[in-house]
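Take a look at the letters that make up each chain.
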Amino acid sequence: QGREYYRSEQFNQSIILWIEAEHQFSSQRDFLNQALVLSNLALAHRQLGQWAEAETTISKSLKILDEQKSLTNQSSRIYGQVLNTQGGLYLTQGNAEKALESWKQATEIYTQADYPEGKAKSLINQTHALRSLGFLRESRDRLLQVEALLEKQTDIHLQIALTRTLGDNQRLMGELKASKASLMKSLQLAEMLPMEEEVAGIQLSLGNTLQVIARQ
């Protein structure tokens, strides 16, 4: 229910529920779900501009995960998700270097856990930090790594979402032909399935790319 409030931008309500859930998981010694809830809580604090609370919460989440004796695939995925959240907090506050560190660590963890979806998302996140730091060649390298991961992806829903994200980022990098190709591919895949909302979103992304091309 906390996620439903978050999606509807009722962030104070989501915070109340996630604080309750965090206390419950703590008392049950369910540390993985406690860490995950704390990560969600940090996102809600960020949306309200409560930076101190967001940083304290994400630090507590990472401390819990660091104290685990060994990481399973499940805990590795949660660890990567928390690091992605931390990176987002850093970048929003203008600290691209720390954001990049968090996202590199997330990529390493996802690689060890053999979780290509998480790896692709963390690589895409890295492109934002690298672009902010002026490292355009390195940013393009990360996008190429994402393309390589997508070629091996068999989950069509995931392929649609990640290919759209790739296309949006290629547009931001000025790689307009590649952006158009990625978004066209994402659209073709989405039209094969009953995914009206996704199709509309991809069409919007494609339209944005075509507008930039037309202005050149």
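Keep in mind it's a predicted model, so treat the numbers as computed, not measured. (Residues numbered from 1 in each chain as written. Predicted model: local features only at pLDDT ≥ 70, side-chain atom pairs only at ≥ 80, totals over all residues. Heavy atoms only, no water.)

### Points about the overall build of the protein chain
The helix and strand inventory of the protein chain stands at 11 helices and 0 strands. Its C-alpha atoms give the protein chain a radius of gyration of 18 Å, within 12% of the compact-globule value 17 Å for 216 residues. Counting the 216 residues in the protein chain, one finds 44% classified as buried. Look at the contacts in the protein chain between residues 6 or more apart in sequence, and 53% of them connect residues 24 or more apart. Of the roughly 11,900 Å² that the protein chain leaves accessible, carbon and sulfur atoms contribute 48%. For the protein chain, the centre of its 23 positive side-chain charges and the centre of its 25 negative side-chain charges are spaced 5 Å apart. (Helix = DSSP H or I, 4+ residues; strand = E, 2+ residues; numbered from the N terminus. Rg over C-alpha atoms; globule rule 2.2 N^0.38 Å. Buried < 20%, exposed > 50% of the residue type's maximum accessible area, 1.4 Å probe, protein only. Contact = heavy atoms within 4.5 Å. Areas by Shrake-Rupley, 256 points an atom, 1.4 Å probe, with all protein chains shown as cover. Lys, Arg positive; Asp, Glu negative; His and termini not counted. Charge placed at Lys NZ, Arg CZ, Asp CG, Glu CD.)

### A short note on the packing of aromatic side chains
A full pass over the atoms with the stated rule returns 3 aromatic pairs. For the pair Tyr 6 and Phe 11, a centre-to-centre distance of 5.2 Å together with 65° between the ring planes defines the contact as edge-to-face. Like Tyr 6, the residue Phe 11 is buried in the burial classification. Measuring from ring centre to ring centre gives 5.4 Å for Tyr 110 and Tyr 115, while their planes differ by 65°; the resulting arrangement is edge-to-face. Comparing Tyr 110 with Tyr 115 shows no difference in burial state: the two are buried. (Phe/Tyr/Trp six-rings, centres within 6.5 Å; stacked < 30°, edge-to-face > 60°.)

### Things to note about empty space enclosed by the protein
Counted by the stated rule, this structure contains 1 cavity of 30 Å³ or more. The computed volume of the largest cavity comes to approximately 30 Å³. Surrounding the largest cavity, Pro 116, Ala 120, Val 146, Leu 149, Leu 150, Gln 153 and Leu 162 form its lining. Looking at the lining of the largest cavity, the elements with two or more residues in it are helix H7 (116-132) and helix H8 (136-151). Here the residues of the lining of the largest cavity sort into 6 nonpolar, 1 polar and no charged. (1 Å grid on protein atoms, 1.4 Å probe; cavity = no way out; pocket = protein on both sides within 12 Å on 5 of 7 lines; lining within 4 Å. Points joined across faces, edges and corners; volume = space filled by probe spheres on them. Nonpolar A, V, L, I, M, F, W, Y, C, P; charged D, E, K, R; others polar.)

### Thoughts on the pattern of salt bridges
Enumeration according to the criterion identifies 7 salt bridges in this entry. Glu 117 is the partner of Lys 121 in a salt bridge, and the nearest nitrogen-oxygen pair spans 3.0 Å. Placement of the pair is Lys 121 and Glu 117 together in helix H7, with a separation of 4 residues, close to one helical turn. (Salt bridge = Lys/Arg side-chain N within 4 Å of Asp/Glu carboxyl O.)

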